[in-house]
Each structure stands twice: as structure tokens, then as C-alpha cells.
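Observations on chain architecture
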Amino acid sequence: MTNEVLIARIAAERPKPPAGFEERQRALLLNLARKEGAKMKRKMSAILIAAMIGLFLFTAAATAEISGIDLFSFLKTNRHQDVLDQTREAVQYFEALSYTFPGVAEVTVTEALYDGQFMMVYMNVKPLRDNLLIVPDGYTESNMQSLLPEAEPETVSEYAQRSGLELWTIQPQMAYFLPDSDLLNDVEKRKDGVEATLHQDGTLDFLVLGSYYTFIEADLANILQNGYFPIQLSIQLHAGAHAEVAPALFWNTDVLIPYRPFKWWSSASPRIAIPSCGVLLDGVAFHGFLLSSKLDIHYIVSDQDVYRQLNGGLRFEALDKEGQPLDSSFHTGYEKITGDIRHTNYWQVLSLPATEASPETIILRAYSCNTNETYEILEIPLTTHEIPEELLLLSPIESTNQN
């Protein structure tokens, strides 16, 4: 009996488990497997790291030959026009990192990137036989032309049925070890955490995007291994369009991604009173990463009566010189407002477009998120600082890319 026939028979004849049973079992088995590996040796040796780096190094030309489009080009053409050219130099290329699901698909991991905020793995999935590969929430009721412009105006499921193609859903996940822990921790996946491009031949190029962000050198030093962030990439293939009900095929592999610290940082302590909001703008910290800039805003409630009347509606946004809002096409998921238990100190995080260097000033608009009323517009001078040497030393000294 072939693997294909066996998989089909299992899917057709097995009794339906209780809701959530499969996911719980997968999580248990995955953690047990990782714990056994961790007991043997959780930290890789410098020799093993060097060997893996030597194995994974590859040229951009060879990557393009595999997938037809490289990670940098994919980012530039998939709504991320603000990606800096320097991003190309920070990409890690891989060689021979692939796996074949017999009769279903061949998955090849080609590139990865970690810029200190965002973690991404880029891969190429080639269908075997008459299969149509889709990503989670795989657009089965969407217009097929949104995935493949040359297609007829029909849904993805209609296209698959008319073309005699079997649908398979790809579900990727990234995870890592916390320091002094044997349990895997999921890399926080963005809401737009999977982006895909479908080619005419059925090949799928797709990007898995997550985020891991900390400025605490000790945390990074405990996780990084010789300057590389080690993650476990898990790829699941599910027969059909609904990943939660179909049996899954698994591939887990370890991936090393070189750490790149932020490019610049600046700050200000303006201590500016905003009477219409009842707050004091106390400080800002601005960090420039390859894929986006991160702005932290700290303000203090100075007049509780005035502030309460805002009903929690105070927000800040950054403006350009023409007064238009600035926003990044990459969001970390940390864009939110947090406060202390006394409700007197608040912090807001903004993701802004990536820039080569820190601007001299930042323009902020204080406004109501309920009515969009502008309370105040402030232009704040910034002071640029040196990047801490401790962070620079955590990054690999030499580029991992070959020219």
C-alpha cells in the first residue's frame, strides 16, 4: 500500500475525535519531543553552529533559481514598498533545507531574516501531482484572480473543482526556547503573519512573519547562539481547506537566523503640558530597525478630572512634514497603550516606516480616537545616541551572505 493510499484511507475511515483533541495531542507530542532533545543538549556548540552556518550559506542567485523570486523582491512587491535596500544584505540564505511530503508537495526553505523586531522565514512550496496549495484561511471563497490574475473569475474552491485539483492547506509555525526552559514558546505571529504568491504552475512562494522584541541584552544573550536566533520551524499540511478537521502531515526543522540590532536610536524628554488632555508628555524613545521604526511615547496624567472626561480616548499619532499620518506596513503587535495600576503613567507604542537614520524631529498629534478631534500638535527635537556596544557584540561579526 502506498503512502498516498494509506493517508486517504485513514482520512476516510478513522472515527472523528472530540473537538480540540488533535491539537492537544500535537502540542503534547511536540513538547515531549523537544524536552527529550533539550535534556540531551539544549545549547548548540560553537562547532555545530559553525557547521550549520556553513551548510546553510547560499547565494541569492541560487535562491532565485529555486523560487523564482527572492525574499527582498517579495517584500518590495507585496505592499512593503518602504523596505530599505539594506534589508537585502541582512538576509540569511539556505542550501538544501527542504522536505518532501510524498505525493503532496516539496517544501524548500530559502531565506530568513531577524532584524531585532521581526522574524521571517521565506519558503517555496512545489505541488506534486494534481494539488492546489493554499495558506491558512486559504481564500477558498475568495476570487481566484486575487491569487492568480490569469485565472477565471471564480472562487478558489470552484477553480480547484473545475481543474480537478485536490486542495491542501499549509499551516506554518515558528517557536523558540526561553532561557532555562525545556518548553517551546511560539513566536508571536502577526495578524498578517502569512503572505503568499501563487504562480501559474501551482508553486507557492510564501512568507511566515512573526515578532520577538526586547532591549534587554541579557534576554537576547541567553537566547542567541553565537549571534544566531535558533527557532524550530514547523510545517503542517492538511488535506482540504479546513486545517482543524483534516489529518496533518508534519515537518519540523531547526533554523538559525542571524540577529541584526536596530540601526539607530534617539530620544527626547520634552516635559510638555497638554492642558486640553490633562496630561504631561514626558518622553519619547525612537528606534530604527531594518523593516520599521518603533516609537515609544510616555505621558503622565496631570489633571485627573480633565483626563477622565476623555473616556480613555487619548491617542498619539506621528505626522510627516505635510501633516499626513505616518504608518508602517510592518506592525509588531505591541502597538497599544499600557498604564500603571494607579492610572497615572501611560505608554503608547507606534510602528513607523523604516528610515536610514533618525529624523531630527518627530511631529506628534494628540487626538481623540472616539471623535478624531485634535487636541494638540507638537514638534519635538530628538537627540541621537550611539547603539549600545553590548547589542552590537551579540550580532555575528561577519556577514553570513556570500557575494
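Summarised in this report is the structure supplied together with it. (Residues numbered from 1 in each chain as written. Predicted model: local features only at pLDDT ≥ 70, side-chain atom pairs only at ≥ 80, totals over all residues. Heavy atoms only, no water.)

Regarding the side chain of glutamine 348
Secondary-structure assignment places glutamine 348 in strand E18 (residues 345–352). Among the polar contacts made by the side chain of glutamine 348, one reaches the main-chain carbonyl oxygen of phenylalanine 316 at a distance of 2.9 Å. (Helix = DSSP H or I, 4+ residues; strand = E, 2+ residues; numbered from the N terminus. Polar contact = N/O pair within 3.5 Å; in protein donor to acceptor, adjacent residues only side chain to side chain.)

Considering the sheet that holds strand E19 (residues 361–368)
The sheet built from three strands is open, its strands ordered E16-E19-E20 with antiparallel pairing. Edge positions in the open sheet fall to strand E16 (314–319) and strand E20 (374–381), since each of these has one partner strand only. Between one strand axis and the next, the sheet turns by 25 degrees as a mean value, whatever way the strands run. By the bridge criterion, seven bridges tie E19 to E20 in an arrangement that is antiparallel. Residue pairing for E20: leucine 364 is matched across the bridge by leucine 378. (Pairing = 2+ DSSP bridges. Axes fitted to C-alpha atoms, helices over the stretch in contact; angles between N-to-C directions.)

Remarks on the nonpolar core
Of all hydrophobic cores here, the largest spans 54 residues; its most connected members are Val121, Met123, Val125, Phe206 and Phe229. With near-sequence residues (within four places) excluded, phenylalanine 229 lies in contact with Tyr114, Met119, Tyr176, Tyr212, Ile223, Leu224, Val255, Leu256 and Ile257. Among the nonpolar cores identified, the runner-up in size contains 27 residues, and Ile274, Cys277, Leu364 and Tyr375 belong to it. (Core = buried A, V, L, I, M, F, W, Y, C linked by side-chain atoms within 4.5 Å. Buried < 20%, exposed > 50% of the residue type's maximum accessible area, 1.4 Å probe, protein only. Contact = heavy atoms within 4.5 Å.)

Some remarks on the pairing of strand E15 (residues 293–301)
The buried fraction of E15 amounts to seven of the nine residues, a majority that puts the element mostly inside the structure. Hairpin remark: strand E14 (residues 279–288) followed by E15, antiparallel, with four residues in the connecting loop.

A few points about the packing of aromatic side chains
Here the structure, examined in full by the defined rule, presents 11 aromatic pairs. Between tryptophan 264 and phenylalanine 286, the ring centres sit 5.1 Å apart and the planes meet at 85 degrees, which makes this aromatic pair edge-to-face. Note that tryptophan 264 is positioned in strand E12 (residues 264–268) and phenylalanine 286 in strand E14, a separation of 22 residues in sequence. The same class applies to tryptophan 264 as to phenylalanine 286, namely buried. (Phe/Tyr/Trp six-rings, centres within 6.5 Å; stacked < 30°, edge-to-face > 60°.)

Concerning the pattern of salt bridges
Considering all chains together, one arrives at eight salt bridges under this definition. Notably, a salt bridge pairs glutamate 356 with lysine 263, separated by 3.9 Å at the nearest N-O pair. Taken together, the positions of glutamate 356 in the loop between E18 and E19 and lysine 263 in the loop between strand E11 (248–258) and E12 put the pair 93 residues apart, joining distant regions of the chain. Its salt-bridge partner being glutamate 379, residue lysine 321 comes within 3.1 Å of it at the nearest N-O pair. In this pair, lysine 321 is assigned in the loop between E16 and strand E17 (337–339) and glutamate 379 in strand E20, connecting sequence segments 58 residues apart. Among the residues examined, lysine 321 registers a relative accessible area of 62% and is labelled exposed. (Salt bridge = Lys/Arg side-chain N within 4 Å of Asp/Glu carboxyl O.)

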